[in-house]
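# Observations on the model geometry
The chain contents come next:
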Amino acid sequence: MNQQVRSQPIPFIDIVAQRQRLGRSIDEAVSRVLAHCQFINGPEVTALEAELAKFSGARHVIACASGTDALLMVLMAKQLGPGDAVLCPSFTFCATGEAVALTGATPVFVDVDEATFNMDAASLERGIATAKRLGLKPKAAIPVDLFGQSADHDAVGAIAAAEGLFVLDDAAQSFGASYKGRRLGTFGLATATSFFPAKPLGCFGDGGAIFTDDDELAERLRSIRVHGQGSDKYDNVRLGLTARLDTMQAAILIEKLGIFEDEIAARNEIAERYARGLGNVVTVPRLAEGCTSVWAQYTIRLPKGANRDGFAAALKAQGIPSAIYYQKSMHQQTAYRDFPVADGGLPVSERLSDDVISLPMHAYLDEPTQARIIAAVRGAISA
Ligand SMILES: Cc1ncc(COP(=O)(O)O)c(C=O)c1O
């Protein structure tokens, strides 16, 4: 391999390769929308909702404008507000806790499991006790299926049921993954996902969806999606948002959903190759029993004492990008540091924020390119 090939930049997520694979089918889907001009609530939106329902097994799917709106809409529909507490993991993307705070409720941050990075049941219990001690009413838990892997829904669901909380599953990174043989979208009261372009199932802009089996909640969500409208369009019966998914994005998603199973299988093969190539030099991600992943990220942990910035720089010098999700857990960020954390603190979240780093991961990562990444990681660790 000459120097030029070795340092050719590798994409972190290759949206271009997928665009090339889908080619004309996407162009034609967009052209159909351009021909019928129903840019809002066009037939593709209803068709996509039906396909997502079939794919996930959920009874209702409400497409919406983003993953953040999906979370917020459920919390609005449940009328959360000041004095209410919602238990969220701290090691997550900020939207999880942001949606809670936007309603006026209080996010109470809990810790995650060291191996799976997902909500830790014991810390959830401590967080509920913390919320009560602070005079807050614990109303909901938001487990996050982080980096593509399902959270432990039985453990979270049992605690939530015992405490009278509803569960809103934040599957923004993990639509397509399953837990004990059931696809995400069917756990808890409702599931929120994101179709941001970098997500395993992404559109060409912002988009999201909510999944629920609850008929009444589904109706309320459809109202909130359009300013809280009632059966008469001009009699708004509650506060709402402009949170619709546009027809063009729905048309694109229908095409992408057609190859999604195949892409999930490819992502799993790539994850297995990473595990084989790197398992003896870094901590590679582990799938918990009963969980599958769609590998939104391939996140490793560096050995104790490793210099993460130096490691990232060594990869970058060879054209290999990396990213740190999340350099700061939510409770360590300026906007969120005044919200409560579960008694006992969040040591695992803080450790993870110090030592994780994510490697390129997408369904089109070919074997020679991946071998280059693996060799670079091994070289950077031993240097
Ligand atoms: C865990 C999690 N929740 C929520 C969101 C919000 O999704 P969106 O960017 O579509 O608003 C994201 C997006 O990155 C996410 O990763």
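Scope of this entry: the structure provided in the associated data block.

A separate point is the layout of surface pockets. For the largest pocket, the calculated volume is near 480 Å³. Taken together, 27 residues form the lining of the largest pocket, with Phe93, Gln173, Ser194, Phe196 and Lys199 sitting closest to its centre. Counting only elements with at least two residues in the lining of the largest pocket, the list comes to helix 4 (67–77), helix 5 (95–102) and strand 8 (190–194). At three residues, the largest contribution of residues to the lining of the largest pocket is made by helix 4. Along the lines of polarity and charge, the residues of the lining of the largest pocket split into 15 nonpolar, nine polar and three charged.

So, on to the sheet that holds strand 8. The mixed open sheet is built from seven strands, whose spatial order is 1-9-8-5-4-2-3. In this open sheet, the two strands that pair with only one neighbour each are strand 1 (60–64) and strand 3 (106–110). The sheet shows a mean angle of 30° between the axes of neighbouring strands, direction not considered. Summarising the sheet, strand 5 (residues 166–170) and strand 8 pair through three bridges and their orientation is parallel. Residue pairing in the sheet places Leu168 in a bridge with Ala190 of strand 8. Of the strands in this sheet, strand 1, strand 8 and strand 9 (208–212) are in contact with helix 8 (residues 215–224), which crosses strand 1 at around 20°.

Moving on to the packing of aromatic side chains. Taken as a whole, this structure holds 16 aromatic pairs when the rule is applied. Residues Phe109 and Tyr336 carry aromatic rings whose centres are separated by 6.5 Å and whose planes lie at 85° to one another, so their mutual orientation is edge-to-face. On the criterion of sequence distance, the pair formed by Phe109 in strand 3 and Tyr336 in the loop between helix 11 (308–317) and helix 12 (347–355) is long-range, its members being 227 residues apart. Through successive ring pairs, a cluster of aromatic residues spans Phe12, Phe91, Phe117, Phe147, Tyr325 and Tyr326. The residue whose ring lies beneath Lys78 is Phe166, and the NZ or CZ to ring-centre distance is 5.3 Å.

Rules used in this analysis
Residues numbered from 1 in each chain as written. Predicted model: local features only at pLDDT ≥ 70, side-chain atom pairs only at ≥ 80, totals over all residues. Heavy atoms only, no water. 1 Å grid on protein atoms, 1.4 Å probe; cavity = no way out; pocket = protein on both sides within 12 Å on 5 of 7 lines; lining within 4 Å. Points joined across faces, edges and corners; volume = space filled by probe spheres on them. Helix = DSSP H or I, 4+ residues; strand = E, 2+ residues; numbered from the N terminus. Nonpolar A, V, L, I, M, F, W, Y, C, P; charged D, E, K, R; others polar. Pairing = 2+ DSSP bridges. Axes fitted to C-alpha atoms, helices over the stretch in contact; angles between N-to-C directions. Contact = heavy atoms within 4.5 Å. Phe/Tyr/Trp six-rings, centres within 6.5 Å; stacked < 30°, edge-to-face > 60°. Lys NZ or Arg CZ within 6 Å of the ring centre and 35° of its normal.

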